[in-house]
Every structure is written in structure tokens, then in C-alpha cells.
Amino acid sequence: MSEAERLYTAEEYLAFEEAVPERHEFVRGRIYAMSGGADVHEAIKINVTTALRTAIRGRGCSVRGSDLRVWIPAADAFKYPDASALCGRPEFREPARNVSLLNPSLLVEVLSPSTETYDRTEKFALYQRLDSLREYVLVAQDRFQVERFTRDAGWQPTVYTELSDVVALPSLGVEFALRDVYDEVRLSPPRSRPRLVREPIVDIHAYAARRFRDGSVVIER
């Protein structure tokens, strides 16, 4: 008889995430390692967050990059979008640390060959369970293309493919030009997409957690 799969709690995941330098995501008890992004992927991420920050300046809104987690309570999941934004006051799962955002109104993912299918399907389905989410934006890295999905339109896409196009973001009340997203970016040539493997990572019980009075956690191997 095969050994039963070990599932982890959200608190075990968070303790593990604090203990290792790499980032991981969490969905319903399973922990998944994240792959690093190619240079073009990183360049587009920076351009997107810069364009959004420029557009929302002075509007009482905020934009965060890929280092900020998003917590999806209805899906029991933690995800790292490439960018997130909202207008108004951000809410966090751990208010003292501000590392797991609860109420984004906009989420952005830069597509890559290994994650595009997942970003369009399973991850999108998880994000839709955030009551606060109004818009989801997908940015291609092998062609000039931005897709915007809105809750008000039943998550049907609006596709932008010309550098002269202007992408409207009703959730923030702003817009940005497609040419700003691809500024000084050398597009990646299309290639075959490898199979996405999302297996549980190393057993976090190989680490011993010590919790201190100030709430910090140290995990030792």
C-alpha cells in the first residue's frame, strides 16, 4: 500500500517559508517550489509595476511587486502574483508583518512557457475566489500582448496587441500604454512548453521550529 500524502497547515507553510531563501506557494495543504524567471520576464515585471505606480500616483492607491504574497482564504492558498494593486487601505493576514495581502483589486501575471497554462486556468480559478478582485491581467513575453479580464464582464478577456494600445484598468481608474510594458524589452522567442510539475517539496518536519515571545519563528534543520 502506498504511503499517504502528507498535507501541511498554513502555519506550517509560513514557518517553512520563513526558514528558506527560496519562495514557495501553498494550495490546500501542498507546498510548491517556484521557478526563477528569465531576464525578459523580470524586465516586463519591472515595467508593469513602474507603469502602474506612475499611473496611480496621488490617487490613494498602492502597487506591490512579486515579493508580496496574496492569501486566498476561500481556496486555502498563498500565491505570489507578479504584481498586485488596490485603491484604499490594504488588509493583511498578519497585520504586524504585512506580508500576505487579503484584498487586491488587480492582479498581474507575466506569462512564461512553463506556467502559462497554469496561470490561465488553475491559478486564475483560485484568484477568482478573492471577493476583492476586480481585474486580472496577463502579459505575454514572446509577443506584444496584454489580456485584461474583469469580473464585471464575466471574466471575458479584452486583448491588446499594438504598442499604441492603451490598457484601461477600471478597478484603479487609470490606464497605461502597452509600449511602456515592453519598453527596452527583447521578446523571448516562442518555444515548446515543458510539462508543469507541482510536487510537494521536502518534508518540512526535517526542520525544528522555535517560536519566540515577539512572535518570530526560527526553523533549524
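A quick note: this is a predicted structure, and the numbers were derived from the prediction, not measured.

Asker: Any details on the overall build of the protein chain? Residues and values, ideally.
Answerer: From N to C terminus, the protein chain includes five helices and 15 strands. When each of the 221 residues of the protein chain is scored for burial, the buried share is 45%. Roughly 12000 Å² of accessible area belongs to the protein chain as shown, and the carbon and sulfur atoms make up 48% of that amount.

Asker: Give me the environment of His 41: which residues, what numbers.
Answerer: With respect to the secondary-structure elements, His 41 resides in helix H2 (residues 39-56). In this structure His 41 touches Asp 82, Val 110, Leu 111, Ser 112 and Gln 141, once residues within four positions along its chain are discounted.

Asker: Run through the sheet that holds strand E4 (residues 69-72), naming residues and quoting values.
Answerer: Strands belonging to one sheet form pairs held by backbone hydrogen bonds; the direction of such a pair is parallel or antiparallel. A sheet is described by the order of its strands in space; here five strands give the open sequence E2-E1-E5-E4-E7, paired in mixed fashion. In this open sheet, the two edge strands, each paired with only one partner strand, are strand E2 (30-33) and strand E7 (100-101). Its contacts with the sheet put helix H1 (residues 10-19) on strand E1 (24-27), E2, E4 and strand E5 (77-79), and the angle it makes with E1 is roughly 180°.

Asker: How would you explain the pattern of salt bridges if you had to name every residue and give the values?
Answerer: Opposite charge on two side chains permits pairing when their charged atoms draw close. Inspection of every chain in the model, using the stated rule, returns 17 salt bridges. Of the charged contacts in the structure, one is a salt bridge between Arg 23 and Asp 67, with a shortest N-O distance of 3.9 Å. Taken together, the positions of Arg 23 in the loop between H1 and E1 and Asp 67 in the loop between strand E3 (61-64) and E4 put the pair 44 residues apart, joining distant regions of the chain. A relative accessible area of 27% means that Arg 23 is categorised as partly exposed. The exposure class assigned to Asp 67 is exposed, which follows from its relative accessible area of 66%. Salt-bridge contacts for Glu 109 lead to Lys 123; the nearest nitrogen and oxygen are separated by 3.2 Å. A residue pair is termed long-range when its members are at least 10 positions apart, and Glu 109 in strand E8 (residues 106-110) and Lys 123 in helix H4 (residues 122-127) qualify at 14 residues.

Asker: Tell me about H2, residues and numbers included.
Answerer: Counted at 1.5 Å a residue, the expected span for H2 with its 18 residues is 26 Å, and the 26 Å between its end C-alpha atoms agrees. Taken together, the buried positions of H2 are Val 40, His 41, Ile 44, Lys 45, Asn 47, Val 48, Thr 49, Ala 51, Leu 52 and Ile 56. The first or second residue beyond H2 is Gly 58, which carries a positive phi of 80°.

Asker: Outline the state of the cysteines, supporting the account with residue identities and numerical values.
Answerer: A complete count under the given rule lists one disulfide for this structure. There is a disulfide in this structure between Cys 61 and Cys 87, and the S-S distance comes to 1.9 Å. Taking the sign of the S-S torsion, 85° for the link of Cys 61 and Cys 87, the bridge is right-handed. Separated by 26 residues along the polypeptide, Cys 61 in strand E3 and Cys 87 in strand E6 (residues 83-87) bring together distant segments of the chain.

Asker: So what's going on with the nonpolar core? Which residues, and what values?
Answerer: Counting 27 residues, the largest nonpolar core has Ile 44, Leu 52, Val 139 and Leu 169 as its most contacted members. Counting residues per element, the ones that place at least two in this core are H2, E3, E6, E8, strand E9 (135-139), strand E12 (166-169), strand E13 (174-177) and helix H5 (178-181). Among the elements that make up this core, the one with the highest residue count is H2 (six residues). With sequence-adjacent residues up to four places away left out, Val 139 is seen in contact with Ile 44, Val 48, Val 108, Glu 109, Val 110, Leu 111, Gln 145, Val 146, Val 181 and Tyr 182. Counting residues in hydrophobic clusters, the runner-up holds 22 residues, among them Leu 130, Leu 133, Phe 149 and Trp 155.

Asker: Mind laying out the confidence of the model for the protein chain, listing which residues take part and the relevant values?
Answerer: Averaged over every residue, the pLDDT of the protein chain is 86; residues scoring 70 or more account for 83%. In this model, residues 192-205 is a region of pLDDT below 50 whose contacts with residues beyond four sequence positions or in other chains number 29 contacts. Contacts of residues 207-221 to residues separated by more than four positions or lying in other chains number 24 contacts, the stretch itself having pLDDT below 50.

Asker: Hey, could you go over the packing of aromatic side chains for me, with residue numbers and the actual values?
Answerer: Tallied over the full model, the rule gives 10 aromatic pairs. One aromatic cluster is present, built from ring pairs that chain together Phe 124, Tyr 127, Tyr 136, Phe 149 and Trp 155. Taking NZ or CZ as reference, Arg 23 lies 4.9 Å from the ring centre of Tyr 80, over its face. The lysine or arginine in question, Arg 93, covers the ring of Trp 71, its NZ or CZ lying 4.9 Å from the ring centre.

Conventions and cut-offs
- Residues numbered from 1 in each chain as written.
- Predicted model: local features only at pLDDT ≥ 70, side-chain atom pairs only at ≥ 80, totals over all residues.
- Heavy atoms only, no water.
- Helix = DSSP H or I, 4+ residues; strand = E, 2+ residues; numbered from the N terminus.
- Buried < 20%, exposed > 50% of the residue type's maximum accessible area, 1.4 Å probe, protein only.
- Areas by Shrake-Rupley, 256 points an atom, 1.4 Å probe, with all protein chains shown as cover.
- Contact = heavy atoms within 4.5 Å.
- Pairing = 2+ DSSP bridges.
- Axes fitted to C-alpha atoms, helices over the stretch in contact; angles between N-to-C directions.
- Salt bridge = Lys/Arg side-chain N within 4 Å of Asp/Glu carboxyl O.
- Expected span 1.5 Å × (residues − 1).
- Disulfide = S-S within 2.5 Å.
- Core = buried A, V, L, I, M, F, W, Y, C linked by side-chain atoms within 4.5 Å.
- pLDDT = per-residue confidence, 0-100.
- Phe/Tyr/Trp six-rings, centres within 6.5 Å; stacked < 30°, edge-to-face > 60°.
- Lys NZ or Arg CZ within 6 Å of the ring centre and 35° of its normal.

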